[in-house]
Amino acid sequence: DYTLELIQDKTRWNKLLAQSCNSNVFGRYEWGEVKSAQWQIWRLAVFKKGTFQGGTQIQVKGNFLLRFGWASCGVFLVGPQYLEGVTNALIDYFKKGALFHYLRINFFDAASGEFIFAVNECPGLVASPTSVNSGYTVRFALDQNFEQVEAMTANHRYYVKKAYRFETAA
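Quantities reported herein were computed from a predicted structural model and do not represent experimental measurements. (Residues numbered from 1 in each chain as written. Predicted model: local features only at pLDDT ≥ 70, side-chain atom pairs only at ≥ 80, totals over all residues. Heavy atoms only, no water.)

Asker: So, the overall build of the protein chain: which residues are in play, and what are the values?
Answerer: Assigned secondary structure in the protein chain consists of five helices and six strands. The linear arrangement of helices and strands in the protein chain, starting from the amino end, is β-α-α-β-β-β-β-α-β-α-α. Taking as baseline every contact in the protein chain between residues at least 6 positions apart, the subset at least 24 positions apart corresponds to 61%. Carbon and sulfur atoms make up 55% of the accessible area of the protein chain, which amounts to about 10,100 Å² in all. (Helix = DSSP H or I, 4+ residues; strand = E, 2+ residues; numbered from the N terminus. Contact = heavy atoms within 4.5 Å. Areas by Shrake-Rupley, 256 points an atom, 1.4 Å probe, with all protein chains shown as cover.)

Shown next as structure tokens:
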């Protein structure tokens, strides 16, 4: 019923991401390139009857015995009503070929609007007992000239510079 496609093309990936209602900087192709030195990057798009419904970018480590993945961008969707189908398709794909697997999905929008109900009611998703970060997300368009960069912490400025390098290299 669902088909998954591993996307390697930067332009196509970012266009799919732009169609979603809950995209963030961690889903951008460029962010995956920053992380690709230490991780395998899987950019997975989910389609149902040929229509794009959502996807995620997973940072992956492991082999056939043990596989660990982190979807730091969460699951991005064309609409919240697709969460269960898209998430289940992604989880099924991720666990294929690994004896043991762990996939952590960081939902940025899990505490807002109708999305909170979709996440809380989605079978197969279990809340993590630990937090990886502060739980806050800052969103901005990458095509703007940022005056806010000077106000960021040194760590955040470092990642913005790194992302710009990949943006201008393409």
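Asker: Run through the nonpolar core, naming residues and quoting values.
Answerer: Membership of the largest hydrophobic core comes to 18 residues, with the highest contact counts inside it found for I58 and V75. Secondary structure elements with two or more residues in this core: strand 2 (40-48), strand 3 (51-62), helix 3 (83-95) and strand 6 (100-105). Here the element with the most residues in this core is helix 3; it accounts for six residues. When residues no more than four places from it in sequence are discounted, the contact partners of I58 are Q40, I41, W42, L44, G69, W70, A71, F94 and L103. Listed in part, the nine residues of the second largest apolar core include I7, Y29, F52 and F76. (Core = buried A, V, L, I, M, F, W, Y, C linked by side-chain atoms within 4.5 Å. Buried < 20%, exposed > 50% of the residue type's maximum accessible area, 1.4 Å probe, protein only.)

Asker: Describe the packing of aromatic side chains, naming the residues involved and giving the relevant values.
Answerer: Enumeration according to the criterion identifies eight aromatic pairs in this entry. Centroid distance W13 to F76: 5.4 Å. Interplanar angle 80°. Geometry classified as edge-to-face. Of the two residues, W13 is situated in helix 1 (residues 10-18) and F76 in strand 5 (residues 76-77); the sequence distance between them amounts to 63 residues. Per residue, the accessibility class of W13 equals that of F76, and both read buried. An angle of 10° between the planes, with centres 5.6 Å apart, marks the rings of F68 and Y102 as stacked. Of the two residues, F68 sits in strand 4 (residues 66-71) while Y102 sits in strand 6, which places them 34 residues apart along the sequence. By relative accessible area, F68 is classed as partly exposed at 33%. (Phe/Tyr/Trp six-rings, centres within 6.5 Å; stacked < 30°, edge-to-face > 60°.)

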